[in-house]
Amino acid sequence: MAAQEIESGTTWGKELWDQFDNLATHTQKGIDFFERFGNFIRDRSAIEVEYALKLRRLVKNYQPKKNKEDEENEFSSLIAFKNVLKEVADLAGQREVVAENLQNQVLQGIMLLAKNLRDERKKALNQGAGLTQSLHTQIGTLDRAKRSYEKAFREAEKAIEGYHKADADFHLSRADVEKQRVNMNIRNSQSEDAKSEYANQLQITNKQQQQHYQIALPEVFNKLQELDEKRTRGMKEFIKRAADVEYEVSPIIARCLEGMVKAADSINEKDDSMIVIEKYQSGFQPPGDIPFEDLSKPDPDASNNSQTHNSSTGLNHMTGKGTTKDKLKKRVGIFGIFTGNKNNLTTDGLKEDFSDLPPTQRRKKLTAKVQELQQKVAQEQAASDGLMKMKGVYEANSMLGDPRTVEEQLNESVSRLDRLRQELLRYQKLLEQANNQTFIQHSPQSNRVTQNGQRSSRHSNGSSNHENSHEDNGEDHPDDAGSLSSSASPESGLGTSHTSLPGSGQGSTNEQPMNEEYYEAETPLGTCRALYPFDATSEGSIPMSEGEELQVIEVDQGDGWTRVRRFSSKGWEEGFVPTSYIECTLYA
């Protein structure tokens, strides 16, 4: 290969025979540039690692929080976003693969090749420097031989001239002439010897110089050319290798992008709308027509209502500012003292029988609870059957184990199975009752004034009158909180005042003032501002104008209404307003 290049006349050894220093500088700059390319790959790999790390941190920061209730009815947009986050995490993994391959397959190769090039260059330059030094030494020897020859020649010429003068001078003795002749012969001999030495050194120098510039030094230059071409070729190969690293992960990245597109295509706005309906549907009926009240007809309860309203206004006016939410929660407790039904709460703050939920949501929760218990019963039954088989095997062969240990586990399993079956039967009855129960409501806020599917009378004198009495068995009627639950509603006297309580648990017709031991002034939870004007068209609601400031007395219980207090020309009055019409600021 080198011989062909030399013959073609395109080699550094022939074309650049006198550019040793420039070639040394050029090869040094080339290797420095190659190492700079390696630094570029190293920094790019670090950027890929940092990019992958930031992508993973981004996925972690925007990962939706796990919510068991939301997982049951996840929106397609949320599912799609979770899938997008997974694809982004996969993209981060591919960037890490790119960084790793750039380091292992490109950067290490560049560093190794650069080291080899430096070693080869140093060796070639040392060889070239040695050849040059040897040539310079020979040239110096030639110069010394030439100077010796020149000196001997001049002395020989001077000796010859002295001899001829002595031979022509008749006044000198023959001995002096002979002395000059001997000196001439000696100088001529020395001159010839110096001439021969000079000719010999000249021949050696010319041969070494020819060898140096035509063979030895071109070989060195060709080595430099070869390593420089190797460096250039390596640059080409490693750039392509870096691109190949990207090509190798591009199909996976393409699949990640396809996954994002697929996730986007999976979003269905209609399905999400149905999930919203399923999640928030209460099951109550829309409010009916508001009856016309003929003021010309005498109202036997007008005086009682007026007295109740006045006392309510007085008590509300006495309500002081407060920041403790626990006092508001005691509102239910005040009326709960007249009933013995105390349902335990679940981990999510709901009653065990979900009686505090709207009908549709309650049926949904009960159905999920029944399915959960059925699964637990099936699992416990399978475990019990397994223990029975194991007990039989141990009884047949006592060498395998002690049947008594299995019998203890079996008894515990049977006991757990009985408890699960009883609980399942209980929730099945509750679900059956919820499915058979018909809810007829006339306004959204009347969710808070119902009792066993019937509305309380507005003019009940502090108690709710019902056509039928209900037997409390602790399970079939979990919502039987007594008629006082209705008395605490917006439609009743207690909805806007706490000045009256039933005289007895049997529904007294005489209105009694509230005992001070049961009375506790409600402190506002915060304030709210009306975003839109609202006309009180339904029972228990109060009007408000846009921008009006009101006090929040009770937050939204899931029915879309918030109980507030406002001061008007009639004094303090309380009622319900749509939650979506106000902007609340609760106290800390």
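Caption draft 1: Structural detail: the overall build of the protein. Tallying secondary structure elements over the protein gives twelve helices and nine strands in all. Within the span of the protein, comprising 588 residues, buried residues form 35% of the whole. Within the protein, contacts between residues separated by at least 24 positions form 72% of all contacts whose residues are at least 6 apart in sequence. Taken as a whole, the protein presents about 36100 Å² of accessible surface, with 51% of it coming from carbon and sulfur.

Caption draft 2: Focus on the pairing of strand S7 (residues 561-568). Taken across its eight residues, S7 has seven buried, putting it largely inside the fold. In this structure, strand S6 (residues 549-554) lies alongside S7, joined through three bridges in antiparallel fashion. What sits directly across from Val552, in S7, is Val564. Two elements, S7 and strand S8 (residues 571-578), share eight bridges in a ladder whose sense is antiparallel. Residue pairing for S8: Ser568 is matched across the bridge by Gly571.

Caption draft 3: Just the nonpolar core, in detail. One finds Ile41, Phe221 and Leu224 to be the most contacted residues of the largest nonpolar core, which totals 38 residues. For this core, the element with the highest residue contribution is helix H5 (residues 76-168), accounting for 14 residues. The residues contacting Leu224, other than those within four sequence positions of it, are Trp12, Leu23, Thr27, Arg121, Ala124 and Leu125. Cys528, Ile542, Val552 and Ile582 belong to the second largest nonpolar core, which has 13 residues in total.

Caption draft 4: The pattern of salt bridges, seen in detail. Enumeration over the complete set of coordinates arrives at 24 salt bridges. Among the ionic pairs, Asp43 bridges to Arg42, the shortest N-O distance being 3.5 Å. Of the residues examined, Arg42 reaches a relative accessible area of 43% and is grouped as partly exposed. Among the salt bridges present, the one from Glu574 reaches Arg563, with a minimum N-O distance of 2.6 Å. Note that Glu574 is positioned in strand S8 and Arg563 in strand S7, a separation of eleven residues in sequence.

How each quantity is defined
Residues numbered from 1 in each chain as written. Predicted model: local features only at pLDDT ≥ 70, side-chain atom pairs only at ≥ 80, totals over all residues. Heavy atoms only, no water. Helix = DSSP H or I, 4+ residues; strand = E, 2+ residues; numbered from the N terminus. Buried < 20%, exposed > 50% of the residue type's maximum accessible area, 1.4 Å probe, protein only. Contact = heavy atoms within 4.5 Å. Areas by Shrake-Rupley, 256 points an atom, 1.4 Å probe, with all protein chains shown as cover. Pairing = 2+ DSSP bridges. Core = buried A, V, L, I, M, F, W, Y, C linked by side-chain atoms within 4.5 Å. Salt bridge = Lys/Arg side-chain N within 4 Å of Asp/Glu carboxyl O.

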